[in-house]
Amino acid sequence: MAIEGYPSTVSAVPAGRVYFHLSSETPGAHTLTIERVGADGVLFTAAGVMVGNHPHPADRAGSHAWPAVTLSPAFRVPADWPSGLYLLRANGEAVLDFVVRARVPGSVSRVLLCVDHITPQTYLYGAVGGAGMYSLPRATRVSFDRPLAPLINDGKFAPLIPWLRDNGYAVECASTVDLHAQTNLLAPYDCLLIGPHVEYWSRQMRDAVESFVARGGNLVSLSGNTAYRQVRFDSSRTLVCYKNARADPHPELSETTVAFAQPPVNRPPNTLLGVGWTYGAWGGSAQGYTVHYPGHWVFAGLSQPIPAFMTYETDAAPFVMEEEGYPRVTTTEGNPLSTTVLASAEMHDWNKPGLATMTLTVRHGAVFSASSTDWIEHLYQPAIATITRNVLNRLRTRLPFGWVEVGHANNITAMTAWEDKLYAADAAKVLWSRHPVLADAPWRRIGHANDVTAMAADRGALYAVSRGNILWWRWPRDTEYDWVAIGSGTPGGTRALCASGGTLYGVAQDGTLYSRPATRTASHGWRPVASWAGRLPATPAITALTAYNGVLYAATTTNRLLRTGFDFVEESIHWVDIHTCAGARGLAAVDGMLFMAGRDNRLRWLDLHHRDLDARSTE
């Protein structure tokens with residue numbers, strides 16, 4: 001490269017100063033231009049700029065301390081420049097880039113493209129021992145004051161901004177350095193877009209994105225090997241990563257620079273992204289995704305298979321294929337059960353054998369992970385383009401609060417959940433089970449359930465009330481077991497049943513809430529739920545009950561969803577109306593997901609992590 005260099009900052013705002021530190025193999029006068037990536041035309045020109053020939057220091061990991069070139073007047077970002085990624089050229093040759101943030105964040109677009117300037121620094125000088133974090137001896141500190149090739153030279157990133165432009169998606173831009181440094185960077189936005197290889201994150205970045213999603217923001221990760229390792233900033237221009245807990249002298253354990261999944265950080269990427277590199281793969285022959293739920297909205301309009309395009313690094317969720325042929329995520333790496341494995345691939349012959357999974361995780365906000373460092377490089381391939389458009393069209397705005405259909409629940413008369421599985425009885429006297437996958441997965445027939453009208457589960461037992469108000473229990477296993485009678489339901493007949501914290505709760509025909517210990521014997525009777533604060537009013541409209549984290553949820557004949565108003569049942573004195581719940585025959589809660597089996601034979605879910613629910617749930 002005839003000219004190389006680095007900016008004084010990787011991110012600026014309109015009217016902010018940016019200095020350019022350049023070195024030329026042929027010192028003398030040069031012409032500098034600046035353009036916005038993805039837009040036509042030169043926006044800034046400075047001719048006759050003197051650039052010297054400056055040596056690389058012996059310590060290539062440290063600051064090169066090259067002087068800034070002299071511009072007259074000194075360069076300021078013009079006030080009318082829109083947010084974007086900007087490219088500096090010298091004599092037409094791309095030298096460096098920097099981001100211009102929005103003058104009024106969120107005013108042009110509620111989608112923020114976060115350009116990664118951190119991970120490339122860790123790979124810089126990868127073949128020079130002591131200069132980068134991938135050559136021996138590994139550097140543990142690297143400076144941003146080093147010449148770094150512009151991102152348009154990276155074929156895995158270069159198509160992204162032009163593709164967004166060609167498909168009509170307006171975005172605003174920031175750097176991952178901004179994500180680290182600015183606590184409220186994401187507040188004005190509905191969607192965060194990242195890719196293609198956003199591997200190194202600081203604790204502050206991880207905190208910011210997790211908080212964003214918890215408050216309803218969506219994350220679209222067109223990236224692989226994402227959030228794999230934690231880094232730390234010693235200053236605004238120095239990045240630290242030891243990749244080893246014992247070697248890192250930093251006293252704050254939560255900022256130890258190791259892989260996020262490892263001690264003492266213990267923060268697997270899966271808890272945020274739904275995927276991680278533990279089950280991911282590295283380097284091998286091209287592989288493509290196999291779609292598991294072709295009816296899912298992510299694949300709407302997909303008219304051809306996803307091609308074999310993955311060759312470098314992938315992420316994956318741990319999952320198993322059920323006998324019925326559908327995948328369901330496991331919690332091995334801390335995955336939320338609200339992670340849907342939409343598609344997968346197996347890389348048996350790669351350098352690091354593993355998997356790739358395309359996933360969608362919903363916990364108030366939604367997180368889509370393409371899980372491949374190669375995704376953006378192939379954005380103009382029709383299948384990948386279709387999926388990406390579907391995802392951006394859905395997730396560029398926040399998800400509304402409401403019930404979402406996820407499958408069928410035919411002729412269900414009662415439903416409950418135990419140990420991350422749904423159980424349901426139907427009108428044909430059959431007992432079924434199903435994993436809480438947020439897609440149309442099949443139910444498995446596991447036994448009989450004669451005339452069951454209400455169900456609950458706790459402490460390793462399924463409970464049911466049948467016609468005649470008989471209370472039963474059986475083991476919650478996917479095989480035939482006899483039900484054992486253990487007394488009667490609530491006095492006068494049972495409208496609904498659930499369990500929480502070792503206690504069975506039942507709503508009697510007159511709407512009174514009763515409780516008894518959740519034991520497999522008839523030695524305990526029912527008693528009305530009450531405390532010094534009073535008692536819940538009798539509500540005979542209740543038709544179904546469930547519990548989650550000590551709160552009861554109830555469906556009514558008036559198509560409403562209620563919850564107990566306090567943080568534990570016995571001190572609640574009001575049922576709080578929180579949402580619609582049309583035609584519910586059964587309710588069940590698993591891992592923050594409230595499922596409802598409806599009279600229309602459809603299974604729906606409601607996100608209990610949604611912050612709108614908080615606002616509706618006060619006495």
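Above this text sits the structure in question.
So, here is what we can say about the structure in this document. This one's a predicted model, so the numbers in the text were calculated from it and none came from an experiment.

Scanning the protein chain from N- to C-terminus turns up seven helices and 41 strands. Along the first, second and third principal axes, the C-alpha atoms of the protein chain reach 95 × 50 × 50 Å. Counting every position in the protein chain, which comprises 619 residues, the buried fraction comes to 58%. At a minimum sequence separation of 6, the contacts of the protein chain that also span at least 24 residues come to 64%. Element-wise, carbon and sulfur atoms account for 51% of the exposed surface of the protein chain, whose accessible area totals about 23,400 Å². On the protein chain, the mean spot of the 51 positive side-chain charges and the mean spot of the 53 negative ones are 4 Å from each other.

Pairing in this open sheet of eight strands is mixed, and the strands run E10-E8-E11-E13-E21-E20-E19-E16 from one edge to the other. This sheet does not close on itself; its edge strands, each paired only once, are strand E10 (172-175) and strand E16 (290-291). Judged from the five bridges that link them, strand E20 (residues 354-363) and strand E21 (residues 365-369) form a sheet pairing that is antiparallel. When the sheet's bridge partners are listed, Val362 is paired in E21 with Ala366.

Along the chain, Ser344 falls in strand E19 (residues 339-347). A polar atom in the side chain of Ser344 sits 2.7 Å from the side chain of His292. When neighbours within four sequence positions are excluded, Ser344 is seen to be in contact with Gly288, Tyr289, Thr290, His292, Phe319, Ala356 and Thr357.

Time to look at the sheet that holds strand E7 (residues 93-100). On the basis of which strands lie adjacent, the open sheet formed by five strands has the order E2-E7-E6-E4-E5 and mixed pairing. Edge positions in the sheet fall to strand E2 (11-12) and strand E5 (44-51), since each has one partner strand and no second.

Looking at the element boundaries, Ala316 is found in the loop between E16 and strand E17 (319-321). Under the relative-accessibility criterion, Ala316 is labelled buried at 1%. In sequence terms Ala316 and Thr512 are 196 residues apart; their C-alpha atoms lie 48 Å from each other. The contacts of Ala316, once residues within four sequence positions are left out, are Asn270, Val275, Gly276, Tyr279, Gly280, Leu355, Ala356 and Thr357.

Within the largest apolar cluster, 108 residues are counted, with the highest numbers of intra-cluster contacts made by Tyr289, Met358, Phe368 and Trp375. A total of seven residues in this core trace back to one element, the largest contributor, which is helix H6 (residues 382-395). If sequence neighbours within four positions are ignored, Phe368 has contacts with Leu219, Val220, Ser221, Leu222, Val298, Leu342, Met358, Thr359, Leu360, Ile387, Val391 and Leu395.

Right, let's get into helix H4 (residues 203-214). Over its twelve residues, H4 runs 16 Å from end to end, which matches the ideal 16 Å to within 8%, given 1.5 Å per residue. Those residues of H4 that fall on the buried side of the exposure criterion are Met205, Arg206, Ala208, Val209, Phe212 and Val213. Looking down the long axis of H4, one finds its buried residues gathered within 165 degrees of arc, a one-sided arrangement.

Here we come to the packing of aromatic side chains. Each aromatic ring pair is described using two quantities: the centre-to-centre distance and the angle formed by the ring planes. Tallying each qualifying case throughout the model produces 16 aromatic pairs. Pairwise contacts between aromatic rings join Phe20, Phe44, Phe75, Trp81, Tyr86 and Phe98 into one cluster. Sitting above the plane of the Phe260 ring, Arg206 keeps its charged end 5.0 Å from the centroid. For the cation-ring pair, Lys243 lies above Tyr134, with the distance from its terminal atom to the ring centre recorded as 3.7 Å.

If you walk through the whole model with that rule in mind, you get 27 salt bridges. Residues Arg267 and Glu210 are paired through a salt bridge, measuring 3.0 Å at the closest nitrogen-oxygen approach. With Arg267 in the loop between strand E15 (238-240) and helix H5 (270-273) and Glu210 in helix H4, the pair connects residues that are 57 residues apart, well separated along the chain. Here Glu210 falls in the partly exposed class, since its relative accessible area comes to 25%. Put simply, Glu322 and Arg328 hold a salt bridge, and the shortest N to O gap is 2.7 Å. Shared partners join several salt bridges into a network, and the residues in it are Arg203, Arg206, Asp207, Glu210, Glu255 and Arg267.

The element strand E14 (residues 229-235) is largely enclosed, with a buried count of five among its seven residues. When strand E12 (residues 200-202) meets E14, the two strands line up parallel, connected through three bridges. Within E14, the position partnered with Trp201 by the bridge is Gln230. Alignment of E14 against E15, held across three bridges, turns out to be antiparallel. Paired with Phe233 across the two strands is Leu239, which belongs to E15.

Parameters at a glance
- Residues numbered from 1 in each chain as written.
- Predicted model: local features only at pLDDT ≥ 70, side-chain atom pairs only at ≥ 80, totals over all residues.
- Heavy atoms only, no water.
- Helix = DSSP H or I, 4+ residues; strand = E, 2+ residues; numbered from the N terminus.
- Buried < 20%, exposed > 50% of the residue type's maximum accessible area, 1.4 Å probe, protein only.
- Contact = heavy atoms within 4.5 Å.
- Areas by Shrake-Rupley, 256 points an atom, 1.4 Å probe, with all protein chains shown as cover.
- Lys, Arg positive; Asp, Glu negative; His and termini not counted.
- Charge placed at Lys NZ, Arg CZ, Asp CG, Glu CD.
- Pairing = 2+ DSSP bridges.
- Polar contact = N/O pair within 3.5 Å; in protein donor to acceptor, adjacent residues only side chain to side chain.
- Core = buried A, V, L, I, M, F, W, Y, C linked by side-chain atoms within 4.5 Å.
- Expected span 1.5 Å × (residues − 1).
- Arc of directions from axis to C-beta.
- Phe/Tyr/Trp six-rings, centres within 6.5 Å; stacked < 30°, edge-to-face > 60°.
- Lys NZ or Arg CZ within 6 Å of the ring centre and 35° of its normal.
- Salt bridge = Lys/Arg side-chain N within 4 Å of Asp/Glu carboxyl O.

Functional significance is not addressed by these values, which are geometric in nature.
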